[in-house]
Number of protein chains: 2
Amino acid sequence: MKIGTNEVERRVQAFSEVCRRYGAKATHQRREIYRELLRTDEHPAAETIYARVRKRIPAISLDTVYRTLRLLEKKGLISRAGFLNEKARFDANTLPHHHFVCTRCGFMGDIYHKERDEFLALRDVSAMGTVNSVHIELRGICKSCQKNSRLKDNYFFAILIVISTI
Amino acid sequence: MKIGTNEVERRVQAFSEVCRRYGAKATHQRREIYRELLRTDEHPAAETIYARVRKRIPAISLDTVYRTLRLLEKKGLISRAGFLNEKARFDANTLPHHHFVCTRCGFMGDIYHKERDEFLALRDVSAMGTVNSVHIELRGICKSCQKNSRLKDNYFFAILIVISTI
DNA sequence: CAGCTAAATAGTTATGATTACTAAAAAAAA
DNA sequence: TTTTTTTTAGTAATCATAACTATTTAGCTG
Ligand SMILES: [Mn+2]
Ligand SMILES: [Mn+2]
Ligand SMILES: [Zn+2]
Ligand SMILES: [Zn+2]
């Protein structure tokens with residue numbers, strides 16, 4: 001489910017504009033890292049992104065890759081996937097979806113679950129491989145933490161871009 | 001959903017016997033680590049287990065804790081939970097279940113999903129807190145990996161003990 | 001289109017959880 | 001008890017990720 005080149009460029013452009021609008025700098029490095037993630041559906045690890053972006057920006061530092069990935073994640077433009085004892089995997093697909101992960105080679109494919117009650121038997125899954133285990137985590141804020149609440153992180157980047165695309 | 005003291009001791013005993021039967025040594029350290037995990041339902045991290053076991057075995061090393069946790073996991077007696085950028089959390093509850101995790105304090109509670117299609121609205125969840133996001137990973141072996149397959153790890157410890165308990 | 005200034009980067013070092021290493025200790029068998 | 005093999009304690013290494021700091025640059029000003 002890769003998006004086309006035009007849409008990739010449209011989103012990179014939107015990203016640049018939103019950056020400027022909110023006082024963040026739309027640097028070459030940031031654009032290339034984001035573009036690299038928009039281009040692919042294979043959920044690359046940080047090292048992979050680093051290797052690929054380096055072809056176009058040979059002097060880019062690994063630190064910049066990690067820093068930018070954190071920024072994009074904080075702003076809701078990308079998400080982080082994967083389980084413990086694995087490298088983090090990044091995803092610019094902001095549609096709600098789940099993942100099939102091969103525990104042997106690391107292949108990570110998207111699962112869309114309209115019929116949520118049968119996700120184990122979804123065509124998408126059986127086409128990709130055999131399911132051995134299902135991991136579900138519901139993440140949120142527990143009762144006791146809700147009492148001493150604080151302000152949330154801002155997702156303004158994501159909101160602007162997602163709204164303009166759907 | 002903690003299990004009683006009798007059941008804890010019964011399982012530690014079963015573990016010792018199964019160890020001997022399969023040529024693994026039922027050491028004091030192993031028994032105490034496993035007992036510590038059987039005793040609680042709070043999914044402690046490795047450091048937490050280390051701290052607790054140290055009260056009874058002051059000279060135990062952190063390495064032994066990690067090594068034993070890996071062993072117990074490999075044999076299917078415990079499972080590892082948690083997402084990326086979190087410490088691993090361990091669980092001796094071998095019933096199939098999911099987790100609610102508080103992203104602020106780390107509280108991890110068990111979710112049983114008889115009605116799988118409505119897991120977002122489960123009583124258990126709403127009693128614990130507010131869900132912000134659902135993470136599902138279906139883990140298994142992809143088509144291309146199934147071709148060059150290898151032998152699986154043995155789960156004989158788990159099989160023996162689980163069968164005798166249910 | 002220079003010059004300005006806050007923000008971002010490159011290159012490097014540090015961190016923190018987990019794993020590996022090795023001499024010494026201990027469990028189980030004989 | 002003695003022997004043999006596994007396991008441990010203590011410590012060093014690893015690996016992904018984050019922090020640090022001098023230098024560079026994006027975007028503004030005129
Ligand atoms: Mn995805
Ligand atoms: Mn649990
Ligand atoms: Zn695979
Ligand atoms: Zn909490």
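Fair warning: this is a prediction, and the values are worked out from it, not measured in the lab. (Residues numbered from 1 in each chain as written. Chains lettered and ligands numbered in written order. Predicted model: local features only at pLDDT ≥ 70, side-chain atom pairs only at ≥ 80, totals over all residues. Heavy atoms only, no water.)

Q: In this structure, what is going on with the overall build of chain A? I would like to understand it.
A: Counting secondary structure elements, chain A contains 7 helices and 5 strands. Taking all 166 residues of chain A together, the buried fraction comes to 45%. Residue pairs at least 24 apart in sequence account for 47% of intrachain contacts in chain A once pairs closer than 6 positions are excluded. Split by element, the accessible area of chain A, about 9,300 Å² in all, is 51% carbon and sulfur. (Helix = DSSP H or I, 4+ residues; strand = E, 2+ residues; numbered from the N terminus. Buried < 20%, exposed > 50% of the residue type's maximum accessible area, 1.4 Å probe, protein only. Contact = heavy atoms within 4.5 Å. Areas by Shrake-Rupley, 256 points an atom, 1.4 Å probe, with all protein chains shown as cover.)

Q: Would you mind showing me how to read the interface of chain A and chain B here?
A: The accessible area lost on association of the parts is a frequent measure of interface size. Contact residues are listed per partner, giving 49 residues for chain A and 49 residues for chain B. Counting the surface lost from both chain A and chain B, the interface buries some 4,800 Å², and carbon and sulfur atoms represent 56% of this. The interface formed by chain A and chain B includes 0 salt bridges. Counting across the interface, chain A meets chain B through 2 residue pairs in polar contact (both at pLDDT 80 or more). (Buried area = accessible area lost by both parts, 1.4 Å probe. Salt bridge = Lys/Arg side-chain N within 4 Å of Asp/Glu carboxyl O. Polar contact = N/O pair within 3.5 Å; in protein donor to acceptor, adjacent residues only side chain to side chain.)

Q: Mind showing me how you'd approach unusual backbone geometry here?
A: Notably, His-43 of chain A is not glycine yet its phi reads approximately 55 degrees, a positive angle. Mapped onto the elements, His-43 of chain A comes out in the loop between α2 (28–39) and α3 (46–56).

Q: Just checking my understanding: could you explain the protein's contact with DNA strand D for this structure?
A: By nearness alone, 20 residues border DNA strand D, and Tyr-66 and Arg-70 of chain A together with Lys-25, Thr-64 and Arg-67 of chain B come closest of all. Here Arg-70 of chain A contributes a side-chain N or O atom positioned 2.7 Å from a phosphate oxygen of DNA strand D. The contact in question runs from a base oxygen of DNA strand D to an N or O atom on the side chain of Lys-25 of chain B, over 2.8 Å. Elements with a contribution of two residues or more to the surface near DNA strand D: α4 (62–74) of chain A together with α2 (28–39) and α4 (62–74) of chain B. The element contributing the most residues to the surface near DNA strand D is α4 of chain A, with 4 residues. (Near = heavy atom within 4 Å.)

Q: Teacher, can you tell me more about the protein's contact with DNA strand C here?
A: Lining the immediate surroundings of DNA strand C are 20 residues, of which Thr-64 and Arg-67 of chain A together with Lys-25, Asp-63 and Tyr-66 of chain B lie closest. Of what DNA strand C places within 4 Å of the protein, 66% of the atoms are sugar or phosphate. Gln-29 of chain A places a side-chain nitrogen or oxygen 3.0 Å from a sugar or linking oxygen of DNA strand C. Here Ser-61 of chain A contributes a backbone N or O atom positioned 3.0 Å from a phosphate oxygen of DNA strand C. By residue number, the principal contributor to the surface near DNA strand C is α4 of chain B, which donates 4 residues. In the surface near DNA strand C, the residues fall into 7 nonpolar, 4 polar and 9 charged. (Nonpolar A, V, L, I, M, F, W, Y, C, P; charged D, E, K, R; others polar.)

Q: How should I be thinking about helix α1 (residues 5–21) of chain A in this particular structure?
A: Structural remark: α-helix, 3.6 residues per turn; residues separated by three or four positions point the same way. Residue and element names in this part refer to chain A. When the terminal C-alpha atoms of α1 are compared, their 24 Å separation across 17 residues agrees well with the 24 Å that a helix rising 1.5 Å per residue should span. Here α1 has its buried residues at Val-8, Arg-11, Val-12, Ala-14, Phe-15, Ser-16, Val-18 and Cys-19. Trailing α1 by a residue or two, Gly-23 shows a phi angle of about 75 degrees, which is positive. (Expected span 1.5 Å × (residues − 1).)

Q: Honestly, the relation of the copies chain A and chain B in this entry has me stumped. Any pointers?
A: Of the transformation placing chain A onto chain B, the axial shift is 0.0 Å and the rotation is 180 degrees, giving an RMSD of 0.1 Å. What we have between these two chains is a two-fold relation. Take the interface residues of chain A: 100% of them recur as interface residues in chain B, which is what a same-surface contact looks like. (Least-squares fit on C-alpha atoms with pLDDT ≥ 70 in both.)

Q: Even after reading the chapter, I still don't get the sheet that holds strand β3 (residues 98–102) of chain A, so can you show me in this structure?
A: One open sheet accounts for 6 strands, arranged β4(A)-β3(A)-β5(B)-β5(A)-β3(B)-β4(B); its pairing is mixed. Of all the strands in the sheet, just β4 (108–111) of chain A together with β4 (108–111) of chain B have a single pairing partner and so form its edges. Strand-to-strand twist in this sheet, taken as the mean axis angle between neighbours without regard to direction, amounts to 30 degrees. The pairing of strand β5 (residues 129–142) of chain A with strand β5 (residues 129–142) of chain B spans 13 bridges and is classified as antiparallel. Paired with Val-134 of chain A across the bridge in β5 of chain B is Leu-138 of chain B. (Pairing = 2+ DSSP bridges. Axes fitted to C-alpha atoms, helices over the stretch in contact; angles between N-to-C directions.)

Q: Teacher, can you tell me more about the packing of aromatic side chains here?
A: In this description, an aromatic ring pair is defined by two values, namely the gap between the centres and the angle between the planes. Tallying each qualifying case throughout the model produces 5 aromatic pairs over all chains. Pairing Phe-15 of chain A with Tyr-34 of chain A gives two aromatic rings, centres 5.1 Å apart and planes at 55 degrees, and the pair type is tilted. Pair noted here: Phe-15 of chain A is in helix α1 and Tyr-34 of chain A is in helix α2, with a separation of 19 residues, a long-range link. Judged by relative accessible area, which is 0%, Phe-15 of chain A ranks as buried. For Tyr-34 of chain A, a relative accessible area of 2% puts it in the buried group. Centroid distance Phe-83 of chain A to Phe-83 of chain B: 4.6 Å. Interplanar angle 35 degrees. Geometry classified as tilted. Of the two residues, Phe-83 of chain A sits in the loop between β1 (79–81) and β2 (89–91) while Phe-83 of chain B sits in the loop between β1 (79–81) and β2 (89–91), which places them in two different chains. By the burial criterion, Phe-83 of chain A is buried, and Phe-83 of chain B matches it. (Phe/Tyr/Trp six-rings, centres within 6.5 Å; stacked < 30°, edge-to-face > 60°.)

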